[in-house]
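These are the residues of each chain, in order.
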Amino acid sequence: MSTNFYWILWLVFGVAAGAFWLSGFFGMVTVVAFGFVATGLIFMGFMCVLPAVAAREQVKTTKPERKTQSSSARRAVRLGLAYGR
């Protein structure tokens, strides 16, 4: 499940709660029902959304630095004359 869809579900939940509150039907039974739905949305976030967000790999934007050697250094390494290597 994508995070955008999850946020849309929370938006729909909030709009529905506001509509019930403005219309005067937000009684105790409705509060309990909305509490159960909110608990379900939180649980769904933990089970579906959080692992997908945490497992997303970071994209590297920088290129690794290339080590360049002079031609004489490459020749010394090739001939086995480089000391300390």
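Before reading on, note that the structure itself is shown above.
A few words on the overall build of the protein. Tallying secondary structure elements over the protein gives three helices and zero strands in all. Reading the helices (α) and strands (β) of the protein from amino to carboxyl end gives α-α-α. Per-residue burial over the protein gives 11% buried out of 85 residues. Put simply, 63% of the contacts in the protein that link residues at least 6 apart link residues at least 24 apart. Approximately 7700 Å² of the protein is accessible, and the part contributed by carbon and sulfur atoms is 67%.

Attention now moves to the environment of Ala38. With respect to the helices, strands and loops of the structure, Ala38 is situated in helix H2 (residues 28-54). Judged by relative accessible area, which is 16%, Ala38 ranks as buried. Remark: the alpha-carbon pair of Ala38 and Phe13, spanning 25 residues in sequence, is separated by 8.1 Å. If we ignore the near neighbours within four places in the chain, the residues touching Ala38 are Trp10 and Phe13.

A general tendency of soluble globular proteins is for nonpolar side chains to be buried together. If you look at the biggest cluster of nonpolar residues, it comprises five residues: Phe13, Ala17, Phe34, Ala38 and Leu41. Secondary structure elements with two or more residues in this core: helix H1 (3-23) and H2. Other than its neighbours up to four places away in sequence, Ala17 contacts Phe26 and Phe34.

The rules behind these values
- Residues numbered from 1 in each chain as written.
- Predicted model: local features only at pLDDT ≥ 70, side-chain atom pairs only at ≥ 80, totals over all residues.
- Heavy atoms only, no water.
- Helix = DSSP H or I, 4+ residues; strand = E, 2+ residues; numbered from the N terminus.
- Buried < 20%, exposed > 50% of the residue type's maximum accessible area, 1.4 Å probe, protein only.
- Contact = heavy atoms within 4.5 Å.
- Areas by Shrake-Rupley, 256 points an atom, 1.4 Å probe, with all protein chains shown as cover.
- Core = buried A, V, L, I, M, F, W, Y, C linked by side-chain atoms within 4.5 Å.

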